[in-house]
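Residue-level structure breakdown
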Amino acid sequence: SKAALSSNFVRCVRQDKNGLIWIGTDHGGINILDKKKGSITVLKNNINDPYSVSQNSIISLNCDDNGTVWVGTYKNGISYYNPNMFKFKRSPLFYDFNLKTEVFDCNSLFVDKSDNLWIGTNGKGLIKYNEKNRETRHFRYNPKDPASISTDIITSIFEDHRNTIWIGTFL
C-alpha cells in the first residue's frame, strides 16, 4: 500500500471498537491504520510532551470495550489512551512502580469481563489492576508455595467462556 509503517518490526496488533488497527512496533511507536482512508497515523514518544506515549518500543496492546487502548512498553510501564481525553496518559501503575528503581517490561495486557486489567511482565510477575477502585494485586513466583504462579515471566493472558483466566509463562 502507499501508507508505510514507521518500523518493520511489529510486536502486536489490535483492532479498536471503531475498526482502527493499532500496530505496536519496536522503536517505531504506534501506527494506527485507518482501513477506510488507507492511511497510517504514527504516535511516538515526545520527551517534551508528557501526554505522548511513554516509549517507542511497544510490546503489547489491548483495546477495551470503553474505547481505551492500553499500551505496554519496553522498560517504561504502561500508557493508555482514550478518545475522550485526546491524549495519552500514564497509568496510575506507572507511579506505583518507581521506574528509577524497578524495570517494568509489559509483555502482555488483557482486560477481563469484569474490567480488570491483567498485566504480564517480563520478570516482575503478574499484576491485576482494577481501575474503578484503583486496587492492585501482584502475583509472584514463590518456590515455597506450590499454588503460586510458575514463573515471573508472563507471555500471554486469556479469559475463556467460563471466565477462567489462563496465563502463559516462559518455561
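Quick look at the structure, then. Model, not experiment: these values are computed from the prediction. (Residues numbered from 1 in each chain as written. Predicted model: local features only at pLDDT ≥ 70, side-chain atom pairs only at ≥ 80, totals over all residues. Heavy atoms only, no water.)

Attention now goes to the sheet that holds strand β1 (residues 10-15). Spatial ordering of the open sheet is given by β1-β2-β3-β4, a layout of 4 strands whose pairing is antiparallel. The sheet is open, and its two edges are formed by β1 and β4 (39-43), each paired on a single side. Pairwise comparison of adjacent strand axes, ignoring direction, gives a mean angle of 20° for this sheet. (Pairing = 2+ DSSP bridges. Helix = DSSP H or I, 4+ residues; strand = E, 2+ residues; numbered from the N terminus. Axes fitted to C-alpha atoms, helices over the stretch in contact; angles between N-to-C directions.)

In this fold, N130 is placed in strand β11 (residues 126-130). The class for N130 is buried, based on a relative accessible area of 16%. In this structure N130 touches S114, N116 and E135, once residues within four positions along its chain are discounted. (Buried < 20%, exposed > 50% of the residue type's maximum accessible area, 1.4 Å probe, protein only. Contact = heavy atoms within 4.5 Å.)

What follows covers the pairing of strand β6 (residues 69-73). Among the 5 residues that make up β6, 5 are buried, leaving the element largely enclosed by the rest of the structure. The alternating pattern of β6 places V69, V71 and T73 on one face and W70 and G72 on the opposite face, and all of these are buried. Sheet analysis places strand β5 (residues 58-63) next to β6, joined by 5 bridges and oriented antiparallel. Residue pairing in the sheet places L61 in a bridge with V71 of β6.

What follows is about the pattern of salt bridges. As enumerated under the stated definition, the model contains 2 salt bridges in all. A salt bridge links D115 to K132; its shortest N-O distance comes to 3.5 Å. Here K132 lies in the loop between β11 and β12 (135-139) and D115 lies in the loop between β9 (106-111) and β10 (116-121), a separation of 17 residues in the sequence. The class for K132 is exposed, based on a relative accessible area of 71%. R140 is paired through a salt bridge with D152; the nearest N and O atoms lie 3.2 Å apart. Pair noted here: R140 is in the loop between β12 and β13 (154-159) and D152 is in the loop between β12 and β13, with a separation of 12 residues, a long-range link. (Salt bridge = Lys/Arg side-chain N within 4 Å of Asp/Glu carboxyl O.)

Once that is clear, we can look at unusual backbone geometry. One non-glycine residue, H27, adopts positive backbone phi at about 70°. Among the secondary structure elements, H27 is positioned in the loop between β2 (21-25) and β3 (30-34). H27 gets classed as exposed once you look at its relative accessible area, which sits at 61%. Look at R134: it is not a glycine, yet its phi comes out positive at around 55°. As for its position among the elements, R134 is in the loop between β11 and β12. Looking at R134, the relative accessible area reads 55%, which means it is exposed.

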